[in-house]
Amino acid sequence: MKIAIGNDHSAVEYKKEITAFLEEKGHEVINFGTDTNVSCNYAEYGQKVGEAVASGQADCGVLICGTGIGISLAANKVKGIRAAVCSEPVSARLTKEHNNANIIAFGARIVGIEMAKAIVTAWLDSEFQGGRHQDRINYIHSIEK
Ligand code: RB5
């Protein structure tokens with residue numbers, strides 16, 4: 001899969017580790033994040049990854065900031081995006097199965113790198129269940145109109 005990745009200054013090393021992890025799994029990773037530790041605005045990177053996923057440039061996205069919250073809030077302002085912040089793999093699995101989250105986010109200051117890999121793996125390896133969950137997602141996107 002083509003996976004867009006984005007991060008702010010708090011997650012540069014994290015982004016590199018997750019990128020290598022995803023590439024080892026055979027994915028193509030497109031980097032939209034900052035590569036310096038200079039303080040920046042996470043919202044810019046959330047927007048970039050959101051737009052890459054919404055436009056089809058990427059199949060899905062991974063976002064990392066200090067908490068995962070700010071960067072996911074920005075991504076969720078892009079039409080068609082369902083970005084979910086997760087701190088453990090059960091929520092990561094369920095947000096694919098029930099919410100069909102097209103972006104997963106987590107906090108470099110919240111979860112360790114091995115937990116982050118487990119979160120990404122649980123999300124990538126799960127499948128959307130459709131049915132009643134699709135109706136609920138349709139409702140969410142009707143709010144965008
Ligand atoms: C940056 O200091 C921090 O605010 C940011 O990484 C993120 O945690 C915001 O939600």
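Look up: the structure comes first, before these words.
Here we summarise the structure given alongside this text. (Residues numbered from 1 in each chain as written. Predicted model: local features only at pLDDT ≥ 70, side-chain atom pairs only at ≥ 80, totals over all residues. Heavy atoms only, no water.)

### Digging into the state of the cysteines
Then step 1. This model, assessed by the stated rule, comprises 0 disulfides.
Then step 2. Take Cys 40: it sits in no disulfide, and the sulfur closest to it among the cysteines is that of Cys 65, at 9.7 Å.
Then step 3. With relative accessibility at 22%, the residue Cys 40 sits in the partly exposed group.
Then step 4. Considering cysteine sulfurs only, Cys 86 is the nearest to Cys 60, which forms no disulfide, with 13 Å between them.
Then step 5. Overall, Cys 60 belongs to the buried group, its relative accessible area being 5%. (Disulfide = S-S within 2.5 Å. Buried < 20%, exposed > 50% of the residue type's maximum accessible area, 1.4 Å probe, protein only.)

### With respect to the side chain of Ser 72
Then step 1. Turning to its location among the elements, Ser 72 is positioned in helix α3 (residues 69-75).
Then step 2. Here Ser 72 falls in the buried class, since its relative accessible area comes to 3%.
Then step 3. A distance of 2.9 Å separates the side chain of Ser 72 from the backbone oxygen of Gly 68, its partner in a polar contact.
Then step 4. Residues within four places of Ser 72 in sequence aside, it is in contact with Leu 63, Ala 83, Val 85 and Ala 105. (Helix = DSSP H or I, 4+ residues; strand = E, 2+ residues; numbered from the N terminus. Polar contact = N/O pair within 3.5 Å; in protein donor to acceptor, adjacent residues only side chain to side chain. Contact = heavy atoms within 4.5 Å.)

### Comments concerning the sheet that holds strand β2 (residues 28-31)
Then step 1. One open sheet accounts for 5 strands, arranged β2-β1-β3-β5-β4; its pairing is parallel. Each edge of the open sheet carries a strand with a single partner, namely β2 and β4 (83-85). Taken pair by pair, the neighbouring strands of this sheet meet at an average axis angle of 25 degrees, ignoring direction.
Then step 2. Both strand β1 (residues 2-7) and strand β3 (residues 60-65) contribute to a ladder of 5 bridges, which runs parallel. Each residue of the ladder has a partner; that of Gly 6, found in β3, is Leu 63.
Then step 3. Sheet strands touched by helix α2 (residues 42-55): β1, β3 and β5 (103-107). Its angle to β3, the strand with the most contacts, is close to 175 degrees. (Pairing = 2+ DSSP bridges. Axes fitted to C-alpha atoms, helices over the stretch in contact; angles between N-to-C directions.)

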